[in-house]
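Breakdown of the fold
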Amino acid sequence: MISGLSSCYYDNVEYLYPQDPDCDTTNVTFSNDVMPVISASCTGCHSGSAPAGNIRLSNYDEIVSVANNGSLMGTIKHESGWSPMPKNGNKLSDCKIQKIDRWILDGTPNN
Ligand code: HEC
């Protein structure tokens, strides 16, 4: 219980995502690195006429809106205050999370 809480004190990129030599975040794009991950892990629930949580993640604009309000990173990093996503599934790999983080830091380009 204590160790779970202590992770909050090390909430920085190096600590949470130690440099992974196999994770290349130099040329992250929406179409290669973000959309495929969201399609594989999220749109099953977050699409259609009655999306889970009333949040749709089926295209660029919908994904940018959750990226910009902080809920995308909060949910996939399992930060406190956010519902962990994918719901009832395995957390995304550190590399996938790093790439999505990079895309947001780059200003969510539509590339
Ligand atoms: C099995 C269905 C399911 C999957 C898969 C899923 N979600 Fe969700 N999501 C939900 C539900 C249901 C909610 C409403 C809140 C809750 O019940 O936790 C939600 C809520 C959210 C929210 C709002 C959370 C908040 O705390 O405000 C975001 C953002 C989100 N999901 C993003 C994602 C992303 C990104 C993925 C893929 C990595 C994903 N979801 C995968 C079912 C799912």
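Structural notes, computed from the coordinates.

Reference values for coordination geometry: four tetrahedral donors around a metal ideally subtend 109.5 degrees, six octahedral donors ideally subtend 90 or 180 degrees. The protein atoms that coordinate the iron atom of the ligand are His-46 (NE2) and Met-85 (SD), at distances of 1.9 to 2.3 Å. Every donor counted, the six donor atoms about the iron atom of the ligand form angles of 86 to 179° at the centre, which fits octahedral coordination. Highlighted residues: His-46 in the loop between α3 (30-41) and α4 (60-68) and Met-85 in the loop between α5 (71-76) and α6 (94-105), separated in sequence by 39 residues. Comparing His-46 with Met-85 shows no difference in burial state: the two are buried.

Below, the discussion takes up the pattern of salt bridges. By the definition in use, this model includes four salt bridges. Residues Glu-62 and Arg-56 are paired through a salt bridge, measuring 4.0 Å at the closest nitrogen-oxygen approach. On the basis of relative accessibility, which here comes to 39%, the residue Arg-56 falls in the partly exposed class.

What follows covers unusual backbone geometry. Residues apart from glycine generally show negative phi values, whereas peptide bonds are mostly found in trans. Between Met-85 and Pro-86 the backbone carries a cis peptide bond, its omega angle lying at -5°. Here Pro-86 is to be found in the loop between α5 and α6. Its identity as a non-glycine residue notwithstanding, Asn-54 has a phi of 60°, on the positive side. Its location among the elements puts Asn-54 in the loop between α3 and α4. Since its relative accessible area comes to 70%, Asn-54 is described here as exposed. Not every positive phi belongs to a glycine, and Thr-108 is a case in point at roughly 45°. For Thr-108, a relative accessible area of 8% corresponds to the buried category.

About the cut-offs
Residues numbered from 1 in each chain as written. Predicted model: local features only at pLDDT ≥ 70, side-chain atom pairs only at ≥ 80, totals over all residues. Heavy atoms only, no water. Donors = N, O, S within 2.8 Å, 3.2 Å for Na, K, Ca; no water. Tetrahedral: all angles 85-135°; square planar, octahedral: opposite > 155°, others 65-115°. Helix = DSSP H or I, 4+ residues; strand = E, 2+ residues; numbered from the N terminus. Buried < 20%, exposed > 50% of the residue type's maximum accessible area, 1.4 Å probe, protein only. Salt bridge = Lys/Arg side-chain N within 4 Å of Asp/Glu carboxyl O.

Purely geometric stuff here, so don't read any function into it on its own.
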